[in-house]
Amino acid sequence: MTVAVDKTKCIGCGACVVECPVEAMDLIDGIAVVDPKKCEDHGKCVLVCPTNALAIPNQPSKPKEQLDPEAGSKFNLKDPLPEAVKDYAQDNDKKTIPAQVTPVAGGDVWSGVWVIIEYTNGKVAPVSWELLGEGRKLADSIGCGLSGVITGYEIDSVIPEAFAYGAEKVYVVDHPILKDYRTEPYAEAITSLVRKYQPEIILMGATSMGRDVFPAIATKLQTGLTADCTVLGIDPETKLLQQTRPAFGGNIMATILCRTSRPQMSTVRPRVMAMPERIDGREGELIREEFTFNESDFRTKIIEFIGSDAKSAFLDKAEIIVAVGLGLAAKKNLAIAEELADVLGGTLAGTRGAVEAGWLTHDQQVGQSGVTVRPKVYIAIGISGAIQHLVGMETSDFIIAINNDPDASILKVANFGIVGDLFQIVPAMTAEFKKRLQHGVAN
């Protein structure tokens, strides 16, 4: 038995698609559609549907709860409204209630835009430099400074790079305990800096590290955090940070404000912001802070570090990606995609289904629950085009899709679609690329 859809009620919001844990839901022509082969009647889609367009057949409905007859009796509606609320209600021109922001440190002023520069295993995540470029725009809009924050061990080589990409100040916490990334020590180091210097806005890449440590920092500071942003801006009237991110599987864009707490924190998807100009020799103010914790203060230890395959490391940085879906049928068939990727000097990736089937590792997953990519060329092999996957790759410069289904959703976003048997098409493409590249022909 599968979930039933009332097409007359469905508004195509995509909430069910996002919520379904087995990817059984999809949107076709703006209407929710259920894949009966995947549906397991979890019912989560039914719960989130705002128009009650979904239902599980023959499932008894729960009786509606009776309203407490004394509900609201404890509130005296004749009491005067708080001044801020009364002013807001009487003046339609006021867009926001004035924020009552309480500092976490001794001062009373929150100022500055900070970018957390992610440095691990001798490499800086490129999104850090992208955010310095975006941070410059935000800082100029509110008239404050732009700073970079670097935590780690033996990180002096990164400092000139931070200045070169636009940081006016660089805060550094350099300590052996921070050599390898762990949530607790990194969160403590960054939180201590925030409490002391009180920046108004903090940005970090929506990488594995950013998605892990930033929520911990926000919790310690008791402030808001908007994840996976694709657009940032400053409201010209309130000077609040406008944080825009995809919602409902990319069907709408939600702009979020943090009115009553500081700092305002956002993680930003890699490859959505432009890389700023790098100016060698640019200098700024360097501030070094001590790290006062001991190893015994933390519950985790790094026993061994096992590096990722170079082909999957920094997937968001790849210029050419060859991605596979369940249409490949079996792990043994991965060889034809690997050969194409090798010939093009590309990186191998895949859908959530391919990862869950054990064909690829999670760091090779593209999509809403994986990595957002923006390569120059994205070749999709046997990928149907579920919304969760599309939101992670649809901004690629050029998309080539190979699928035997002429109605596959991936073909709607592709620049070039090939309908046919991938087991014939992909080897033919590989052979042609080999021939052309061998003779230096680029087109």
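Residues numbered from 1 in each chain as written. Predicted model: local features only at pLDDT ≥ 70, side-chain atom pairs only at ≥ 80, totals over all residues. Heavy atoms only, no water.

The protein chain is annotated in an unreviewed UniProt entry as FAD-binding protein from Desulfosporosinus nitroreducens. You can read under Sequence similarities (unreviewed entry) in the UniProt record for the protein chain the words "Belongs to the ETF alpha-subunit/FixB family." (UniProt positions renumbered as here; feature names shortened; annotations may be inferred.)

Caption draft 1: Geometry of the nonpolar core. Judged by nonpolar contacts, the single largest core of 33 residues is most densely connected at Val113, Ile117, Trp129, Leu132, Ile150 and Leu232. Within the residue set of this core, elements represented by two or more residues are strand E5 (113-117), helix H4 (127-142), strand E8 (146-152), helix H5 (159-164), strand E9 (169-174), strand E10 (201-205) and strand E12 (231-234). Among the elements that take part in this core, H4 stands out by supplying 7 residues, more than any other. Ignoring any residue separated from it by four or fewer positions in sequence, one finds Val113 in contact with Gly135, Leu138, Ala139, Ile142, Cys144, Gly145, Leu146, Ser147 and Ile201. One finds Ile116, Leu193, Met209 and Leu221 within the second-largest nonpolar core, a separate group that totals 26 residues. (Core = buried A, V, L, I, M, F, W, Y, C linked by side-chain atoms within 4.5 Å. Buried < 20%, exposed > 50% of the residue type's maximum accessible area, 1.4 Å probe, protein only. Helix = DSSP H or I, 4+ residues; strand = E, 2+ residues; numbered from the N terminus. Contact = heavy atoms within 4.5 Å.)

Caption draft 2: The pattern of salt bridges, seen in detail. Within this structure, the stated rule accounts for 16 salt bridges. Residues joined by salt bridges that share partners form a network here, namely Glu23, Arg352 and Glu356. (Salt bridge = Lys/Arg side-chain N within 4 Å of Asp/Glu carboxyl O.)

Caption draft 3: Representation of the environment of Gly417. Topologically, Gly417 is positioned in strand E21 (residues 416-419). Residues Gly417 and Pro406, 11 residues apart in the sequence, show an inter-C-alpha distance of 9.0 Å.

Caption draft 4: Geometry of unusual backbone geometry. Cis peptide bonds are those with omega within 30 degrees of zero, and the linkage from Arg262 to Pro263 qualifies with 0°. Secondary-structure assignment places Pro263 in the loop between strand E14 (252-256) and strand E15 (264-268). Even without glycine at this site, Asn121 takes up a positive phi of about 50°. Relative to the helices and strands, Asn121 resides in the loop between strand E6 (119-120) and strand E7 (123-124).

Caption draft 5: View of the packing of helix H8 (residues 334-344) against helix H12 (residues 422-438). As a packed pair, H8 and H12 sit with axes 10 Å apart at the nearest point and diverge in direction by 20°. Classified by the angle their axes make, H8 and H12 are roughly parallel. Once H8 is placed against H12, the crossing between them reads as left-handed. Along its contact with H8, which presents Ile336, Glu339, Leu340, Val343 and Leu344, the element H12 presents Leu422, Phe423, Val426, Thr430, Phe433, Lys434 and Leu437. Grouping the constituent residues of the contact of H8 with H12 by class yields 9 nonpolar, 1 polar and 2 charged. (Axes fitted to C-alpha atoms, helices over the stretch in contact; angles between N-to-C directions. Parallel < 35°, antiparallel > 145°, perpendicular 65-115°, else oblique. Left-handed = near helix turned anticlockwise from the far one by under 90°. Nonpolar A, V, L, I, M, F, W, Y, C, P; charged D, E, K, R; others polar.)

Caption draft 6: Summary view of the sheet that holds E15. Read across the open sheet, the 7 strands follow the order E11-E15-E10-E5-E8-E9-E16; overall the sheet is parallel. Every other strand in the sheet has two partners, leaving strand E11 (225-229) and strand E16 (285-288) as the edge strands with one partner each. With direction set aside, neighbouring strand axes in the sheet form an average angle of 20°. Note: E9 against E16, 4 bridges, orientation parallel. Bridging across to E16, Val172 finds its partner in Arg288. Sheet strands touched by H4: E5, E8, E10 and E15. Its angle to E5, the strand with the most contacts, is close to 175°. Packed onto the sheet, helix H6 (residues 183-197) meets E5, E8, E9, E10 and E16 and runs at close to 150° relative to E8. (Pairing = 2+ DSSP bridges.)

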